[in-house]
Amino acid sequence: MAEGELEAVRKCLREFSIEARELFLGRSVPYLEQPPSPVHFYRDWLCPNKPCIIRNAIRHWPALSKWSPAYLRAAVGSKLVSVAVTPHGYADAVFGDRFVMPEERRMPFASLLDLIESRGGGGVDGRRGVFYMQKQCSSLTEELPELIGDVDTEIPWMSKALGKHPDAVNFWLGEEAAVTSLHKDHYENLYCVISGEKHFILLPPSDRPFIPYELYPPATFKQREDGSFDVVDEEAAEKVPWIPVDPLNPDLERYPDYGLARPLHCTVRAGEMLYLPSLWFHHVRQSQGCIAVNYWYDMEFDVKYNYFQLLESLSAVLGKN
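Here we summarise the structure given alongside this text.

Definitions and limits used
Residues numbered from 1 in each chain as written. Predicted model: local features only at pLDDT ≥ 70, side-chain atom pairs only at ≥ 80, totals over all residues. Heavy atoms only, no water. Helix = DSSP H or I, 4+ residues; strand = E, 2+ residues; numbered from the N terminus. Rg over C-alpha atoms; globule rule 2.2 N^0.38 Å. Buried < 20%, exposed > 50% of the residue type's maximum accessible area, 1.4 Å probe, protein only. Contact = heavy atoms within 4.5 Å. Areas by Shrake-Rupley, 256 points an atom, 1.4 Å probe, with all protein chains shown as cover. Core = buried A, V, L, I, M, F, W, Y, C linked by side-chain atoms within 4.5 Å. Phe/Tyr/Trp six-rings, centres within 6.5 Å; stacked < 30°, edge-to-face > 60°. Pairing = 2+ DSSP bridges. Expected span 1.5 Å × (residues − 1). Arc of directions from axis to C-beta.

## What to know about the overall build of the protein chain
Here is step 1: Secondary structure summary: the protein chain contains eight helices and 20 strands in total.
Here is step 2: Here the protein chain has a C-alpha radius of gyration of 20 Å; the compact-globule value for 321 residues is 20 Å, and the two agree.
Here is step 3: Of all 321 residues assigned to the protein chain, the portion counted as buried reaches 51%.
Here is step 4: Summarising the internal contacts of the protein chain: among those between residues at least 6 apart in sequence, 83% fall at separations of at least 24.
Here is step 5: Accessible area of the protein chain: about 14900 Å², with a carbon and sulfur share of 53%.

## Topic: the nonpolar core
Here is step 1: Membership of the largest hydrophobic core comes to 50 residues, with the highest contact counts inside it found for W67, F109, F171 and Y295.
Here is step 2: Of the residues forming this core, the biggest block, five residues, is contributed by helix α5 (residues 109-119).
Here is step 3: Dropping the residues within four chain positions of it, F109 is found in contact with L72, V76, G77, K79, V81, M133, L144, F171 and L173.
Here is step 4: In this structure, V29, I53, W172 and L276 belong to the second largest nonpolar core, which totals 22 residues.

## Looking at the environment of F24
Here is step 1: Looking at where F24 falls in the secondary structure, it is placed in helix α1 (residues 3-25).
Here is step 2: Placed 26 residues apart in sequence, F24 and K50 show a C-alpha to C-alpha distance of 8.2 Å.
Here is step 3: Sequence-distant contacts of F24, defined by excluding residues within four places in its chain, comprise P48 and K50.

## Digging into the packing of aromatic side chains
Here is step 1: All chains considered together, the criterion is met by 13 aromatic pairs.
Here is step 2: Taking 5.5 Å as the distance between ring centres and 65° as the angle between the ring planes, the aromatic pair formed by F95 and F221 counts as edge-to-face. Of this pair, F95 sits in strand β5 (residues 93-95) while F221 sits in strand β14 (residues 218-223), placing them 126 residues apart in sequence.
Here is step 3: Plain terms: the ring middles of Y187 and W296 are 4.6 Å apart, the flat faces sit at 5° to each other, and that makes the pair stacked. Pair noted here: Y187 is in strand β11 (residues 187-195) and W296 is in strand β20 (residues 291-298), with a separation of 109 residues, a long-range link.
Here is step 4: Of the residues examined, W296 reaches a relative accessible area of 8% and is grouped as buried.
Here is step 5: Among the aromatic residues, those joined into a ring-pair cluster are Y132, W172, Y191 and F200.

## Let's talk about the sheet that holds strand β19 (residues 281-286)
Here is step 1: Spatially, β4-β10-β19-β12-β17 is the arrangement adopted by the five strands of the open sheet, whose pairing is mixed. Looking at which strands have only one partner, the edges of the open sheet turn out to be β4 (90-91) and β17 (264-269).

## Notes on helix α8 (residues 303-319)
Here is step 1: Taking 1.5 Å per residue as the helical rise, α8 with its 17 residues ought to reach 24 Å, and the 24 Å between its terminal C-alpha atoms agrees with that figure.
Here is step 2: What α8 keeps buried is the set K304, F308, L311, S315 and L318. One side of α8 carries all its buried residues, which in axial view fall inside an arc of 85°. For α8, the exposed residues lying more than 90 degrees away from the buried face are N306 and L310.

Laid out in structure tokens, this is it:
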């Protein structure tokens, strides 16, 4: 393809992103004061693939008043849970020339609570590690089933809108330094904050042409007895496509197209729910000891997904030229 033709495609993709924001996405994440009806949610949020923050959707949950450290110690303190440990807080992220996954450690839930309470937030000490309960295998139902009665097992209006039950219900608890790197999921995500707050950076699928992907050999962090961390390569493993840009400090000299993206920033506070649509790119931070529960519903692989795959293919072609 000639350079003039490539530039014409780039121009179309830039205009595509601008038009999406002007026509329906807007420049901020809107709030709903009450949970929507299934029809309302399907029509106004699910079909347009638009995020929103919903207040008063989980106010009936006992978890909002019950999940104190003392209650959690008594209810599930002795349970062994899976915890991600990293030197700097970034799990499943680009580190140097590798895609590095966290060390997965099994520990009593009470020990994780003790660690989080004793540290109280602040800076990162690479020799003590950053701890985050973030396992995404329906961790609430699989690892902490004793807590299920304190929340809903599904979100009724979401289940009715989609005609299905959630694929997973996950439990999240970690340190302020724990960060989820920029990525997307093939799920409709309802993210509910029980205590503390979560800080999201969101980018719509229409910004895909400005978001770089590169291939990285996979590796895993491994902590030594002295507290330092090694990066251990995964043997005979295929390279992983991942986003190298940190939206908190993007390297625009190396990735100038990212400067064309227009992230949305939002904070989800205790008692609030974020609807994070499928295929939206997101980066997540949190307050110290924040507790959250999220519901993953499998997305519909319909024409929306078809269009995104076209956008993905065009972005890949332009990235090689």
